[in-house]
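# Coordinate analysis (summary)
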Amino acid sequence: MFDEVQLNETSAKAIEALGDHEEVVVLMPADEFIIRHGPKRTVLYSLCRDVGLTEAINGFLDDVKVPCSYLALLGLASILALAELVPYELTWLCVLWLPDAIRRLFKCNTEAVGLVVLELDFWMPFSTMCLGCFFASASFNHEMAFATFSALFVISTTANILLGK
């Protein structure tokens, strides 16, 4: 593809005039595609296969968006518990990350998720995050509270960051 793309005369002259320490960004043409949107295209619909139920659950999830976000913030206390700045038993508050992560995951477009999963930019951080969480859990002797923290961290980070919601 790079052999086929040529700079026009004006752009070529502008690049030639640049010094050794200057940088340039070249925007390349890209193939466009359409991702369809709607309740039938969500992860939730692929799980339950009922449009009415999908719309009802998504409506409910939209209504509880703010409480889910506050619960996720309360879950941050589990990080402080791992550092023993607060009682270690509060590590279980990481369970509060789950409702927001599930809400975000259910609303994802399956076609977009499929495209993201096919890219190396997804698998490298995902696999290293999983390995890192496993070895971090091993440093706590796979104690149940920390193992739960690690698993929920992977789920939450995947739904909130890697899948881009």
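Treat the numbers as computed from the prediction; the structure is a model and nothing was measured.

Attention now moves to the overall build of the chain. A tally of helices and strands in the chain yields 9 helices and 0 strands. With the C-alpha coordinates aligned to their principal axes, the bounding extent of the chain is approximately 65 × 45 × 25 Å. The 165 residues of the chain split such that 25% are buried. In the chain, the share of contacts with a sequence separation of at least 24, taken over all contacts with a separation of at least 6, comes to 64%. Summed over its atoms, the accessible surface of the chain is roughly 11400 Å², and 64% of this surface lies on carbon and sulfur atoms. Here the chain contributes 10 positively and 20 negatively charged side chains, and the mean placements of these two sets differ by 14 Å.

For the rest of this paragraph, the subject is the side chain of Thr54. In this fold, Thr54 is placed in helix H3 (residues 51–63). When neighbours within four sequence positions are excluded, Thr54 is seen to be in contact with Pro39, Thr42, Leu44, Tyr45 and Cys48.

Before going further, it helps to spend a moment on unusual backbone geometry. When glycine is set aside, most residues are seen to have a negative phi, and most peptide bonds are trans. Phi at Glu84 takes a positive value of approximately 60°, unusual for a residue other than glycine. Among the structural elements, Glu84 can be located in the loop between helix H5 (77–82) and helix H6 (98–107). Exposure remark for Glu84: the relative accessible area of 61% places this residue in the exposed category. For Asn141, which is not glycine, the phi torsion reads 60° and is therefore positive. Assignment of secondary structure puts Asn141 in the loop between helix H8 (120–139) and helix H9 (144–162). We classify Asn141 as exposed; its relative accessible area is 69%.

This paragraph deals with the pattern of salt bridges. It is possible for side chains of opposite charge to pair when their charged atoms get near one another. One pass over the full model with this rule turns up 4 salt bridges. Taken together, the shared-partner salt bridges in this structure form one network comprising Asp100, Arg103 and Arg104.

For the rest of this paragraph, the subject is the packing of aromatic side chains. Going through the model one piece at a time under the given rule, you end up with 8 aromatic pairs. For the ring pair Trp123 and Phe126, a centre distance of 5.7 Å and an interplane angle of 85° mean the geometry is edge-to-face. Residue Trp123 and its partner Phe126 are both found in helix H8; the two are separated by 3 residues, about one turn of the helix. An aromatic cluster of at least three residues, connected via ring pairs, comprises Trp97, Phe140, Phe146, Phe149 and Phe153.

The rules we used
- Residues numbered from 1 in each chain as written.
- Predicted model: local features only at pLDDT ≥ 70, side-chain atom pairs only at ≥ 80, totals over all residues.
- Heavy atoms only, no water.
- Helix = DSSP H or I, 4+ residues; strand = E, 2+ residues; numbered from the N terminus.
- Buried < 20%, exposed > 50% of the residue type's maximum accessible area, 1.4 Å probe, protein only.
- Contact = heavy atoms within 4.5 Å.
- Areas by Shrake-Rupley, 256 points an atom, 1.4 Å probe, with all protein chains shown as cover.
- Lys, Arg positive; Asp, Glu negative; His and termini not counted.
- Charge placed at Lys NZ, Arg CZ, Asp CG, Glu CD.
- Salt bridge = Lys/Arg side-chain N within 4 Å of Asp/Glu carboxyl O.
- Phe/Tyr/Trp six-rings, centres within 6.5 Å; stacked < 30°, edge-to-face > 60°.

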